[in-house]
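Secondary and tertiary structure notes
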Amino acid sequence: MKTDELITLLVEDQTVKPGTPRLRMALYAALGLACSLAIFFAFLGIRADFSFAITDPHVVFKFIFAASLFAALWPAVLASTRPEADVPVLSRLILPAIILAVGIVAQLLTSPSDYWLSGMIGRYPSACLRSIPALAIGPLAVLLVLIHNGAPTRPVLSGALAGCAAGALSAFIYALHCPDDSSLFVALWYSLAIGIVTLLGAALGRYALKW
Amino acid sequence: MTGFDHRTEALASLLQRANAGDAACYRLFLEQLAPLVRGMARRGIGRIGTPLADLEDAVQETLLAIHLKRHTWREDQPIGPWIGAITRHKLIDLARKHGRRKEIELDETFEQAAAEPADPTLSDQEMNRLLESVSETQRLIIRSISINGVSIREVAAKLMMTEGAVRVALHRGLKALAEAYRRLEL
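Residues numbered from 1 in each chain as written. Chains lettered and ligands numbered in written order. Predicted model: local features only at pLDDT ≥ 70, side-chain atom pairs only at ≥ 80, totals over all residues.

1. Concerning the overall build of chain B
Within chain B one finds 8 helices and 0 strands. Secondary structure elements in chain B, listed N-terminal to C-terminal, are α-α-α-α-α-α-α-α. Computed over its C-alpha atoms, the radius of gyration of chain B comes to 17 Å, within 12% of the 16 Å expected for a compact globule of 186 residues. In chain B, buried positions account for 38% of the 186 residues. In chain B, the share of contacts with a sequence separation of at least 24, taken over all contacts with a separation of at least 6, comes to 67%. (Helix = DSSP H or I, 4+ residues; strand = E, 2+ residues; numbered from the N terminus. Rg over C-alpha atoms; globule rule 2.2 N^0.38 Å. Buried ≥ 20, exposed ≤ 12 C-beta atoms within 10 Å, placed from the backbone. Contact = placed C-beta atoms within 7 Å.)

2. Re the overall build of chain A
Across its full length, chain A holds 9 helices and 0 strands. Shown N-terminal to C-terminal, the secondary structure of chain A runs as helices and strands in the order α-α-α-α-α-α-α-α-α. Along the first, second and third principal axes, the C-alpha atoms of chain A reach 75 × 35 × 25 Å. Look at the contacts in chain A between residues 6 or more apart in sequence, and 87% of them connect residues 24 or more apart.

3. Here's the deal with the environment of Leu64 of chain B
All names here are of chain B. Within the element layout of this structure, Leu64 appears in helix α3 (residues 55-68). Placed 113 residues apart in sequence, Leu64 and Leu177 show a C-alpha to C-alpha distance of 8.7 Å. With residues near it in sequence (within four places) discarded, Leu64 still touches Leu174, Leu177 and Ala178.

4. Concerning the domain arrangement of chain B
Residue and element names in this part refer to chain B. Taken domain by domain, chain B consists of domain 1 (1-119) and domain 2 (125-186). Just the C-alpha atoms count here: the centres of domain 1 and domain 2 sit 23 Å apart. Facing 8 residues of domain 1, the contacting portion of domain 2 comprises 9 residues. A total of 6 residues in the side of domain 1 that touches domain 2 trace back to one element, the largest contributor, which is α3. Here the residues of the side of domain 1 that touches domain 2 sort into 3 nonpolar, 2 polar and 3 charged. (Domains from an automatic or database assignment. Nonpolar A, V, L, I, M, F, W, Y, C, P; charged D, E, K, R; others polar.)

5. Quick notes on the nonpolar core
Phe29, Leu30, Val37, Ala41 and Leu63 of chain B are the most contacted members of the largest nonpolar core, which totals 53 residues. Among the elements that make up this core, the one with the highest residue count is helix α2 (residues 23-48) of chain B (10 residues). The two domains that each donate at least three residues to this core are domain 1 (1-119) and domain 2 (125-186) of chain B. Non-local contacts of Leu63 of chain B, meaning those with residues more than four positions away in its chain, are made with Leu6 and Leu10 of chain A together with Leu30, Ala34 and Val37 of chain B. Core analysis: the next-biggest nonpolar cluster, separate from the first, contains 43 residues, Leu69, Ala72, Cys128 and Ile147 of chain A among them. (Core = buried A, V, L, I, M, F, W, Y, C linked by C-beta atoms within 7 Å.)

6. Some points on the interface of chain B and chain A
Taken residue by residue, the interface counts 38 residues in chain B and 27 residues in chain A. Counting only elements with at least two residues in the side of chain B that touches chain A, the list comes to α2, α3, α4 (79-97), α5 (126-130), α6 (136-146) and α8 (163-183) of chain B. Of the residues that constitute the side of chain B that touches chain A, the class distribution is 20 nonpolar, 10 polar and 8 charged.

Here is the structure:
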């Protein structure tokens, strides 16, 4: 096939718009979130003492940390859909890292040192490690579709970003259930759980984000 | 540099009008784009050490990729880096196919590319081979339009399909071609 002939083909193909329509993308997003919420309400549920617990700054901290991580990564996720865009990852992580550090220091200052270790290990670390990745599956799939729909030129990095953002979102949801309130618990197990989803995203991205 | 700026500005305005539905502008865009992509690809191929014989195939794959990803160009962004990034992405793919596993540095930019006409002695048969992997209807539509220059309306009449169905089949066929190239082992 001559290049001129290919050009004729491409000109004829203009009527079908490339990429996923916005409406269908919104539907995927709704499905991904519904998937997380279904798992959440089927296996976890909102903690019984939620209305009381939410007055505790340590509980509020969990939500602030997760939300700040997601909000920080979202622009980078969008940037990685464009082939020429710089994807600023490290600079984006500064704010959530500061928030986490403030949470850790506040916890150390407000609780006696005898409780530091027990607070960090918590009561349900393995539930945290299982639940956050499980809740992240739907959102991760949606983010990978969103990025694949664009033109990512760094598939591993973009996949890791999608994983980290999905992990942050599911950490927010898991915090509605999580009975471990020490910020040291969040610093250790939430980070580890989000890290697992990040690695999963990177591994999937390597294969799924090619074009 | 003004000559180069002028060149990318012209491409940007053509693609903008093409995105608004002007097919003649889209043809002009692709016709002006092809020699520049070829120029950039030739320099890139020289740098990554892949055979020059792959040049025209690489140009076609890049044009196909730009076509299928044209919605990722934002009209408020310069078009040169966008075209350059896609071309680089395809050249690095090509280098990997030739077993260059290490990280490849390709600092050619689209703005530096010199326009280069097609070299008739170089093979441009990869697309034809890849056509074997798409469905029969898609292949028939692609061949009729590209090689025989038949219009979509005529293809639709001949295949007793609606024009809409032909357009969808053409689009899917092009996506399948891009996918087949990506999976191709050289």
